[in-house]
Amino acid sequence: MKETVILTMKDIAREFHVSVATVSRALRDSANISADRRAAIQQFARDHNFTPNALAGSLRHSRVQPMKVIGVVIPEFTHFYFSSVLSGIEEEASSRGYRIMVAQSSEQYEREVRICQSFYENRVCGIIVSQAKDTRRYDHFQRLIDAGVPLVFYDRICTGVSASRVVVDDYMGAFNAVSYLIGTGCRRIAFYGSSMTMEISKNRYNGYRDALLKHGMTPSDELVRICDNRDYAEEITPALLSSDNRPDGFFAINDDTAIGIMYTAKRMGLRVPDDVSVCGFTNGQRAVACDPMLTTVEQRGVKLGEEAADVLIGHVEGTIPIDKAERRVVRTRLIVRGTTR
């Protein structure tokens, strides 16, 4: 995919040592600018993928003051956690006079790039984003930063750029959950996580691993699976539960995966939690809609969203310097229910 480059009329004006008004007239093909100068500016704009500011254009002749708009990128609308984060962002933004513009990446890198470019073209005052699962390149984020657009990551942070971030304490959430499983008698605990290219998966795995080590147990690769959804959990769990030395506990990276594990165990005739304990990570609505209700780590998505909006608005209004990468951590807590002993 050809990548776009963020460019402003100020940048073009600086390149040609002219005013922004001159650039604007040249791009409109005004006869008040010499043909040679118009052609040069227009060619430069094409070469650098310049896109006019759509929102500014629509407001240029309006007496209404432009609204303060924050762009928000979420991976999935249907995921309870992301919807709760969005609720927190909207609540905090609204209380401080800001509106939000929301787009879904659908876990696709190319779509994420297009969303960021669209937000820039519409001149949002800043962007709050949780990166897509398959994002491996970060040029689109760096271009926003270079253009002076405040950027705040939440949940899935990007370590490839220096930007503010708000996350839950994934490591301690996992550490405490696995420690609890061990304390209830589990001795062979499996871990289901996302790709280890994602910081949240690494942190939760490290919490799982360190809890085992602290309690004198040896981590085993045989008990680690890359699995972060219910369908795949139901596909791969029967093999683990049919093994001679099957797990007696599972720690899953999210509630949906944990619920897939639980119902698979029940279909196989195992009792939850007597034979197999299961713990998730989210504390969404599904955690209390299953039978038995799910033990899980509460992520506090609304609180995280409020913090992310607060940091972004701080950058916009200057209370937090634009070049300072703010880092905030929201504490988790273990909610014990019926899937653990």
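Preceding this paragraph is the structure being described.
These figures come from a predicted structure and were not determined experimentally. (Residues numbered from 1 in each chain as written. Predicted model: local features only at pLDDT ≥ 70, side-chain atom pairs only at ≥ 80, totals over all residues. Heavy atoms only, no water.)

*Asks:* Even after reading the chapter, I still don't get the sheet that holds strand β6 (residues 189–193), so can you show me in this structure?
*Replies:* Read across the open sheet, the 6 strands follow the order β7-β6-β8-β9-β10-β12; overall the sheet is mixed. Lying at the two open borders of the sheet, with one neighbouring strand each, are β7 (224–226) and β12 (333–335). For this sheet the average axis-to-axis angle between neighbouring strands, irrespective of direction, equals 20°. Where strand β10 (residues 295–298) meets β12, 3 bridges bridge the pair, whose relative direction is antiparallel. (Pairing = 2+ DSSP bridges. Helix = DSSP H or I, 4+ residues; strand = E, 2+ residues; numbered from the N terminus. Axes fitted to C-alpha atoms, helices over the stretch in contact; angles between N-to-C directions.)

*Asks:* Help me understand the packing of aromatic side chains, please; the structure alone is not making it clear to me.
*Replies:* Where two aromatic rings form a pair, the distance of their centres and the angle of their planes describe that pair. With the rule as written, the count across this model stands at 11 aromatic pairs. Of the aromatic side chains, those joined through ring pairs into one cluster are Phe191, Tyr205, Tyr208, Phe251 and Phe281. Seen from the ring of tyrosine 120, arginine 123 lies directly overhead, with NZ or CZ sitting 4.5 Å from the centre. Positioned above the aromatic ring of phenylalanine 281, the side-chain terminus of arginine 204 is 3.8 Å from the ring centre. (Phe/Tyr/Trp six-rings, centres within 6.5 Å; stacked < 30°, edge-to-face > 60°. Lys NZ or Arg CZ within 6 Å of the ring centre and 35° of its normal.)

*Asks:* Is there a simple way to explain the sheet that holds strand β3 (residues 126–129) in this structure?
*Replies:* Each strand in a sheet pairs with its neighbour through backbone hydrogen bonds, running either in the same direction (parallel) or in the opposite one (antiparallel). Spatial ordering of the open sheet is given by β2-β1-β3-β4-β5-β11, a layout of 6 strands whose pairing is parallel. The open sheet terminates on both sides in strands that have one partner only, identified here as β2 (99–104) and β11 (327–330). Shown here is a sheet whose adjacent strand axes are inclined to one another by a mean of 20°, direction ignored. Across the sheet, helix α12 (residues 301–317) touches β1 (69–74), β3, β4 (151–154), β5 (164–168) and β11, and the angle it forms with β5 is around 170°. (Contact = heavy atoms within 4.5 Å.)

*Asks:* Would you mind showing me how to read the environment of valine 23 here?
*Replies:* Here valine 23 shows up in helix α2 (residues 20–27). Look at valine 23 and you get buried, because its relative accessible area is 0%. On a C-alpha basis, the gap between valine 23 and arginine 38 in space is 8.3 Å, while along the polypeptide they are 15 residues apart. Sequence-distant contacts of valine 23, that is, excluding residues within four places in its chain, are made with Met9, Ile12, Ala13, Val18 and Ile41. (Buried < 20%, exposed > 50% of the residue type's maximum accessible area, 1.4 Å probe, protein only.)

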